[in-house]
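Chain by chain, the residues run as shown.
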Amino acid sequence: MTSPVRLALLGCGTVGSDVVRLLHEQSVDLAARIGAPLEIAGIAVRRLNRDRGDLPVDPALFTTDPLGLIKRDDVDVVVEVVGGIEPARTWLVEALRAGKSVVTANKALLAEDGATLHAAAAEGDADLYYEASVAGAIPLLRPLRESLHGDRINRVTGIVNGTTNFILSAMDATGAGFAEALDEATELGYAEADPTADVEGFDAAAKAAILASLAFHTRVTAADVHREGITEVTAADVASAKAMGCTIKLLCIAARGTDAAGRESVSVRVHPAMIPRIHPLASVGGAFNAVFVEAEAAGQLMFYGRGAGGAPTASAVLGDVVAVARNRLAGMHTASESAYADLSVRPMGEALTRYHISLDVADRPGVLESVAGVFARHEVSIATVRQGPANGGPAGGGADAELVIVTHVAPDAALAATVRELRGLAIVRSVTSVLRVEGEA
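First, a word on scope: everything that follows refers to the structure included in this document. Just so you know, the residues in each chain are numbered from 1, in the order the chain's sequence is written. Totals for whole chains, interfaces and linings use all residues, but because this is a predicted model, local features are given only for residues with pLDDT of at least 70 and pairs of side-chain atoms are given and counted only at 80 or more. Only heavy atoms go into the side-chain values, all of them from the structure, while hydrogens and water stay out.

## Points about the overall build of the chain
So the rule is basically this: Strands here are runs of E lasting at least two residues and helices are runs of H or I lasting at least four, both read from the DSSP assignment and numbered beginning at the N terminus. With the radius of gyration taken over C-alpha atoms, the globule rule is written as 2.2 Å times the number of residues to the power 0.38. Here's how the labels work: a residue is buried when its accessible area is under 20% of the maximum for its type, exposed when over 50%, partly exposed in between, all with a 1.4 Å probe on protein chains only. For this analysis, residues touch if any pair of their heavy atoms sits within 4.5 Å. Per-residue accessibility takes into account occlusion by the displayed protein chains alone, with areas from the Shrake-Rupley method and a 1.4 Å probe. None of His or the chain ends enter the tally, which takes Lys and Arg as positive and Asp and Glu as negative. Charged groups are reduced to one reference atom each: NZ for lysine, CZ for arginine, CG for aspartic acid, CD for glutamic acid.
The number of helices and strands found in the chain is 14 helices and 18 strands. Taking 2.2 N^0.38 as the reference for a compact globule, 441 residues should give roughly 22 Å; the C-alpha atoms of the chain span a radius of gyration of 25 Å, in line with that estimate. Dimensions of the chain, computed from C-alpha atoms along their principal axes, come out at roughly 85 × 50 × 35 Å. Taking all 441 residues of the chain together, the buried fraction comes to 52%. Within the chain, contacts between residues at least 6 apart in sequence are counted, and of these 74% link residues at least 24 apart. Put simply, the chain shows about 18700 Å² of open surface, and 50% of that area lies on carbon and sulfur atoms. Of the side chains in the chain, 38 bear a positive and 54 a negative charge, and the two mean positions are spaced by 1 Å.

This is the structure:
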């Protein structure tokens, strides 16, 4: 074997600790796969005196000077599992420009400013790998940027946040409301003390940007992604979805299409949606992730597994470490970015989707005709209508009634304008729910 490949590990929290453990437990196998042993040159942490239990590492390797560690001549590869934009961006740019390959799980940084990292990698002839940034242990990004490089991907639809999937799965299984399901997720450790990034869709939006960038050879940032969370999803919404043979999932959807001028473009969005229970993603429960890819030659592909957690994420990190270490020994590196297509990102209003709309209306003759007229004015076709007493009460006698309308596919702007006009009708007491519907239901 040749000289060791030496790693600088930035961060030693949940993921970093599992990286250290896997490096120790699988050291012989990893060395055989690479053709050289892996060694930890140093570990950058915030606090040196933190209790790290029985972590199999020499305490002398810990430092509070990450930049100094990165600049050391004996460091070959930098592994970053700290997260956040700064100072992580400064650290990784420094490493890449110096020709040191980087393995990162930092989805937020990649989604906000991946272009800077890719440019630094090209400048330093270094590798930039980030499999662990999306969907944990699921081998997903490398298939998109390597295995499917000879194909044309048209659509990527995924469940990429385990916290929200656990919450929505619990609501579907038990009939619980959002707050109750969130409390359960927090108690079981699936939700952070501050769950905002998950339940408001920020985490999924960052991952959607990364997936779209790889799938469509176009730079997509988190700011380009239309984002909605799950905090407004109610138990009544879940029950209504069940009545349609659907379930509700927080989906990231990236799709090719054409913009208003007829030019090829992409749309990228994250929002809750009803999907039919026969769809492959509908059966993905708990904190699991899954991504459904549609390509012209390969057809439909689905990637499924644990999307978060220390050990699954560490597994993805080490897979990348093996790849970049092999490249280093071979005296080569892999191009980190393919953005030649440079497609524009369509606004959400141009995305084609369907709506499920629940209305509380006056129960009197002519109501349905008035409501249908609003849809007609916005050129939105109605697929199904279900009418019944509001809140389960008796029909007739001037009481309110519930109308549940599912549309055919239409531009989101036309659907949203329809809902706005419905809210202003005197006969509409309230628009009680609006959810998108994806897939055939």
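## Topic: the packing of aromatic side chains
The criterion, for reference: Whether two aromatic rings pair depends on their centres lying within 6.5 Å, for rings of Phe, Tyr and Trp, where Trp uses its six-membered ring; planes under 30 degrees apart make the pair stacked, over 60 edge-to-face, and the rest tilted. Note on criteria: charge over ring means Lys NZ or Arg CZ within 6 Å of the ring centre, with the direction from the centre no more than 35 degrees off the ring normal.
Evaluation of the coordinates by the stated rule reveals 2 aromatic pairs. Measuring from centroid to centroid gives 5.3 Å for F288 and Y304, while their planes differ by 5°, and the two rings are stacked. Of this pair, F288 sits in strand β11 (residues 288-295) while Y304 sits in strand β12 (residues 299-306); the two residues are 16 residues apart in sequence, bridging distant segments of the chain. With a relative accessible area of 24%, F288 lands in the partly exposed category. Given a relative accessible area of 47%, Y304 falls into the partly exposed group. Here R52 stacks its cationic end above the ring of F62, 4.7 Å away from the centre of that ring. A cation sits over an aromatic face here: R227 above F202, 3.8 Å from the ring centre.

## Some remarks on the nonpolar core
Inside soluble globular proteins, nonpolar side chains tend to come together where they are buried. Condition: The nonpolar core is taken to be a set of buried Ala, Val, Leu, Ile, Met, Phe, Trp, Tyr and Cys residues, with the residues joined through side-chain atoms within 4.5 Å.
Core analysis: the biggest nonpolar cluster contains 79 residues, and V78, L140, I153, I167 and L211 have the highest contact counts within it. At 11 residues, helix α10 (residues 202-216) tops the list of elements feeding residues into this core. Filtering out sequence-adjacent residues up to four positions away, V78 remains in contact with A8, L10, I70, L92, A95, S101, V102 and V103. One finds C12, L30, I34 and V79 within the second-largest nonpolar core, a separate group that totals 35 residues.

## Digging into the sheet that holds strand β2 (residues 38-44)
Two modes of strand pairing occur in sheets, parallel and antiparallel, and in both the strands are linked by backbone hydrogen bonds. Convention followed: In short, DSSP must find at least two bridges between two strands for them to pair.
Strand order in the open sheet formed by 6 strands is β3-β2-β1-β4-β5-β6, with parallel pairing between adjacent strands. Two strands bound the open sheet, and with one partner strand each, they are β3 (62-63) and β6 (128-129).

## Points about the pattern of salt bridges
Quick reminder of the rule: Basic side-chain nitrogens of Lys or Arg form a salt bridge, by our definition, when they fall within 4 Å of a carboxyl oxygen of Asp or Glu.
All told, the structure shown has 24 salt bridges when counted by the stated rule. In this structure, the salt-bridge partner of D203 is K107, at a minimum N-O distance of 3.3 Å. Taken together, the residues D203 in helix α10 and K107 in helix α5 (residues 107-124) connect sequence positions 96 residues apart. For D203, a relative accessible area of 10% corresponds to the buried category. Assessed through its relative accessible area of 26%, K107 is described here as partly exposed. Notably, a salt bridge pairs D412 with R436, separated by 2.9 Å at the nearest N-O pair. A residue pair is termed long-range when its members are at least 10 positions apart, and D412 in helix α14 (residues 412-424) and R436 in strand β18 (residues 428-437) qualify at 24 residues. The exposure class assigned to D412 is buried, which follows from its relative accessible area of 6%. Exposure remark for R436: the relative accessible area of 8% places this residue in the buried category.

## Topic: the side chain of T418
Threshold: Under this definition, polar contacts are N or O atom pairs within 3.5 Å; protein pairs additionally need one hydrogen-donor-capable and one acceptor-capable atom, and for neighbouring residues in sequence, both atoms have to be side-chain atoms.
As for its placement among the helices and strands, T418 is situated in helix α14. From its side chain, T418 meets the backbone oxygen of A414 in a polar contact 2.8 Å long. Look past the residues within four positions of T418 in its chain and what remains in contact with it is V374, F375, H378 and V380.

## Side note on unusual backbone geometry
Following E86, the chain continues to P87 via a peptide bond in cis, the omega torsion being 10°. With respect to the helices, strands and loops of the structure, P87 is situated in the loop between β4 (77-80) and α4 (88-97). One non-glycine residue, E379, lies in positive phi territory at about 55°. Mapped onto the secondary structure, E379 falls in the loop between α13 (367-377) and β15 (382-389).

## Some details on α10
Which entries qualify depends on this criterion: Residue count minus one, scaled by 1.5 Å, sets the expected span of a helix.
With 15 residues, α10 ought to run about 21 Å at 1.5 Å a step, and its terminal C-alpha atoms sit 21 Å apart, in line with that. For α10, the tally of buried residues reaches 14 of 15 residues, placing the bulk of the element in the interior. Backbone geometry just downstream of α10 places H217 in the positive-phi region, at approximately 50°.

## Let's talk about the environment of H333
For H333, the location among the structural elements is in the loop between α12 (310-330) and β13 (344-345). The sequence separation of H333 and S101 amounts to 232 residues, and the corresponding C-alpha distance is 8.6 Å. Not counting residues within four places of it along the chain, the set of residues in contact with H333 comprises D125, A126, D127 and N327.

## Overview of the pairing of strand β10 (residues 264-276)
Regular strands place side chains that alternate from one sheet face to the opposite one. With respect to burial, β10 is a largely interior element, 12 of its 13 residues being buried. Relative to β10, strand β8 (residues 226-227) runs parallel, the two being bridged by 2 bridges. Bridged to R227 within β10 is V270. Strand direction decides the pairing type here: strand β9 (residues 246-258) and β10, joined by 13 bridges, are antiparallel. Paired with I248 across the strands is M274, a residue of β10. Taken together, the 2 bridges between β10 and β13 define a ladder with parallel strand orientation. In the sheet register, V266 faces β13, and the bridge partner there is V345. Pairing of β10 with β18, which is carried by 2 bridges, proceeds in the parallel orientation. Bridge pairing in β18 places M274 opposite V437.

These figures come from the coordinates and say nothing about function on their own.
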